[in-house]
Amino acid sequence: MSNDNNFKLLSKINSPADLRKLSIDELPILCEELRKDIIQEVAVNPGHLASSLGATEITVACHYVFNTPEDRIVWDVGHQAYGHKILTHRRECFCKNRKKDGLMPFPSPKESEYDTFTCGHASNSISAALGMAVAAKMTQHPERHVVAIIGDGAMSGGLAFEGLNNASSQPNDLLIILNDNDMSIDRAVGGMQQYLLNLDTNETYNRIRFKASQWLHAKGILTDERRKGIIRLNNAIKSALSQQQNLFEGMNIRYFGPFDGNDVKEVVRLLNQLKNMKGPKLLHLHTVKGKGYEPAEKSATVWHAPGKFDPETGKRLIQDESYKPPKFQDVFGHTLLELAKSNSRIVGVTPAMPTGCSMNIMMKEMGDRTFDVGIAEGHAMTFSAGMAKDGLQHSATFIVHSRNAHTTISFTILPF
Ligand SMILES: Cc1ncc(C[n+]2csc(CCOP(=O)(O)OP(=O)(O)O)c2C)c(N)n1
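The numbers attached to residues start from 1 for each chain and follow its sequence in the written order. Residue-level local features of this predicted model are given only where pLDDT is at least 70; pairs of side-chain atoms are given and counted only at 80 or more, and the full residue set underlies all totals for whole chains, interfaces and linings. Side-chain figures throughout are based on the complete set of non-hydrogen atoms in the structure, without hydrogens or water.

A.B. asks: For this particular structure, what's the right way to read the pattern of salt bridges?
C.D. replies: Oppositely charged side chains can form a pair if their charged atoms are brought close together. Any carboxyl oxygen of Asp or Glu within 4 Å of a side-chain nitrogen of Lys or Arg constitutes a salt bridge here. Counting across every chain of the model gives 17 salt bridges. Between Lys100 and Asp101 there is a salt bridge whose closest N-O contact spans 3.7 Å. Two residues, Asp173 and Lys278, come together in a salt bridge whose shortest N-O distance is 3.6 Å. A residue pair is termed long-range when its members are at least 10 positions apart, and Asp173 in the loop between α8 (158-167) and β3 (175-180) and Lys278 in the loop between α13 (264-274) and β5 (281-286) qualify at 105 residues. Where helices and strands are cited, they refer to DSSP runs of H or I of at least four residues and of E of at least two residues respectively, numbered from the N terminus.

Written out as structure tokens, the structure is:
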């Protein structure tokens, strides 16, 4: 924990209850302090950086508006939750993040009542949060709010679609916050990413719509029974105006956005408006990965987990690795390229981990024989099997098994 008195607000916050005592005008200052704290800590005790910096305003706004831990916030992957840890009783021990006998790398209910679900695996937050939203209604917690916070990378995963599909049919009041920074670890890929880029609704339209829904609600017109019909009418009007179909609204999940997710006052305003809205809804926020730290904003992939660095200069302190064995993934990446050069039927497939598994080495030389398929391990395997079945002699697949503490890696070459 940094001792200097640059942390005038943060030093007074031990839990979200303290945060909720702040005025709305103090929140941007708190966000800056929180960012500074994360940067100083991660500089000396390496971990994930860029994602937490980008999610700072979402973190502060969620704990400000929602009554956590009674209300549930479910993080996807959990690598963006350092701000959440610091605000929830763990600032003092954050220097032991990821260390033996220290804090878990990702949120874990074993560690804190504010951590609602064991994180590490991408794309599962919607399913977990939906389960909690349904459970809240079936147990004695009808007033409980449940929020899933999912990145655009994680939104490309099949499990996220399964969660959305179920959320659209199951009665629930789930709020999904889509934290869209246009990045996975590497650049986000695929149709979903393109779709989100193009998804744009006019700000005036958004405001009118909020006001209209509040008015309808106050007049008792927006009842549960009528909601689906109203959403369908609204969809039809919006599609006609924008000449664009909205995937989420097509699934009866109300869509709001996109808005600036790094404007904390705006995010608070939006969350207050959506908080008591019935039915499943999605708030689309644009954020900047690495926000507030120039080196990380410029090169988010490197700064996803940068190792130790000098916070002032942004210089990464690369250890002298001359005495160390090469990294497993680099051996894999170079070997794959070597094999691919001698066998034209070898292709590389990776589920959103080109840098993580060093398949980027092959990608640079053989872009047409490498495939980043997004966070989609099941698809990666089956896609590879399909290629191996029909002509490509070998298909190299990289798989990540995420666990709470670390990630193990392996690769499969499917003989044919
Ligand atoms: C099932 C699974 N596949 C891959 C990973 C590795 N992984 C961790 S974070 C991440 C990128 C997530 O991107 P996004 O959801 O957009 O979050 P951001 O870091 O951009 O905020 C990936 C691929 C994982 N944790 N789980």
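A.B. asks: Would you explain the packing of aromatic side chains in this entry?
C.D. replies: Any aromatic ring pair is given by two values, namely how distant the centres are and how the planes are angled relative to each other. Stacked, tilted and edge-to-face pairs are distinguished by plane angle, under 30 degrees for stacked and over 60 for edge-to-face with tilted covering the rest, among Phe, Tyr and Trp rings (Trp via its six-membered ring) whose centres lie within 6.5 Å. Within this structure, the stated rule accounts for six aromatic pairs. A centroid spacing of 5.1 Å and a plane angle of 70° characterise the contact between Tyr82 and Phe94, whose relative ring orientation is edge-to-face. Of this pair, Tyr82 sits in helix α5 (residues 82-90) while Phe94 sits in the loop between α5 and α6 (125-138), placing them twelve residues apart in sequence. Comparing Tyr82 with Phe94, the two get one shared label, buried. Ring centres 5.5 Å apart and planes at 75° place the aromatic pair Tyr293 and Trp303 in the edge-to-face group. Placement of the pair is Tyr293 in the loop between β5 and α14 (294-298) and Trp303 in the loop between α14 and β6 (309-310), with a sequence separation of ten residues. For Trp303, a relative accessible area of 4% gives the class buried. Burial classes follow relative accessibility: with a 1.4 Å probe on protein chains only, a residue under 20% of its type's maximum area counts as buried, one over 50% as exposed, and anything between as partly exposed.

A.B. asks: Please clarify how the environment of Ser358 should be interpreted in this entry.
C.D. replies: Its location among the elements puts Ser358 in the loop between β8 (346-350) and α16 (360-365). Through-space distance from the C-alpha of Ser358 to that of Phe332 is 7.1 Å; in sequence the pair is 26 residues apart. Only heavy atoms enter the contact rule, under which two residues are in contact if any of them lie within 4.5 Å. Other than its neighbours up to four places away in sequence, Ser358 contacts Gln329, Asp330, Gly333 and Met353. In the analysis that follows, any N or O atom pair within 3.5 Å is treated as a polar contact, provided that within protein one partner can donate a hydrogen and the other can accept it, and provided that, for residues neighboring in sequence, both atoms belong to side chains. Within the structure, Ser358 has its side chain in polar contact with the side chain of Asp330 (distance 2.6 Å).

A.B. asks: For this particular structure, what's the right way to read the sheet that holds β3?
C.D. replies: Note: strands within a sheet are paired through backbone hydrogen bonds, in either parallel or antiparallel orientation. Here we have five strands laid out as an open sheet, ordered β1-β2-β3-β5-β4, and parallel in their pairing. Each edge of the open sheet carries a strand with a single partner, namely β1 (72-75) and β4 (254-260). Adjacent strand axes in the sheet meet at a mean angle of 20°, parallel and antiparallel pairs treated alike. Relative to β3, strand β2 (residues 146-151) is paired through five bridges, and the arrangement is parallel. Looking at the pairing, Val147 lines up with Leu175 of β3. Think of it this way: DSSP has to see at least two bridges between two strands before they count as a pair. Angles here are taken between N-to-C directions and fall from 0 to 180 degrees, while the axes themselves are lines fitted to C-alpha atoms, restricted in helices to the stretch in contact.

A.B. asks: Sorry if this is basic, but what is going on with the packing of helix α2 (residues 27-44) against α13 here?
C.D. replies: Helix-helix packing is characterised by the crossing angle of the two axes and by the distance between the axes. Two elements in contact, α2 and α13, have axes separated by 8 Å at closest approach and are oriented at 115°. Residues Leu27, Pro28 and Cys31 of α2 form the contact with α13, whose participating residues are Val264, Lys265 and Val268. Residues are grouped as follows: nonpolar covers Ala, Val, Leu, Ile, Met, Phe, Trp, Tyr, Cys and Pro; charged covers Asp, Glu, Lys and Arg; every other residue, Gly included, is treated as polar. For the contact of α2 with α13, the class distribution of residues is five nonpolar, no polar and one charged.

A.B. asks: How do you make sense of the environment of Glu143 when you look at a structure like this?
C.D. replies: With respect to the secondary-structure elements, Glu143 resides in the loop between α6 and β2. For Glu143, a relative accessible area of 66% gives the class exposed. Glu143 sits 133 residues away from Asn276 along the chain, and the two C-alpha atoms are 9.1 Å apart.

A.B. asks: How should the side chain of Ser112 be read in this particular structure?
C.D. replies: By secondary structure assignment, the location of Ser112 is in the loop between α5 and α6. Looking at Ser112, its side chain comes within polar contact range of the main-chain nitrogen of Tyr114, at 3.0 Å.

A.B. asks: What's the story with the pairing of β4 in this structure? I'm lost.
C.D. replies: The side chains of a regular strand alternate between both faces of the sheet. Across the seven residues of β4, six count as buried, placing the element largely inside the fold. Direction of pairing for β4 relative to β5: parallel, over a ladder of five bridges. If you follow Arg254 over to β5, its bridge partner there is Lys281. Clockwise travel from the first strand over the helix to the second, with the strands pointing away from the viewer, marks a crossover as right-handed. After leaving β4, the chain enters α13 and then returns to the sheet as β5, a path that is right-handed.

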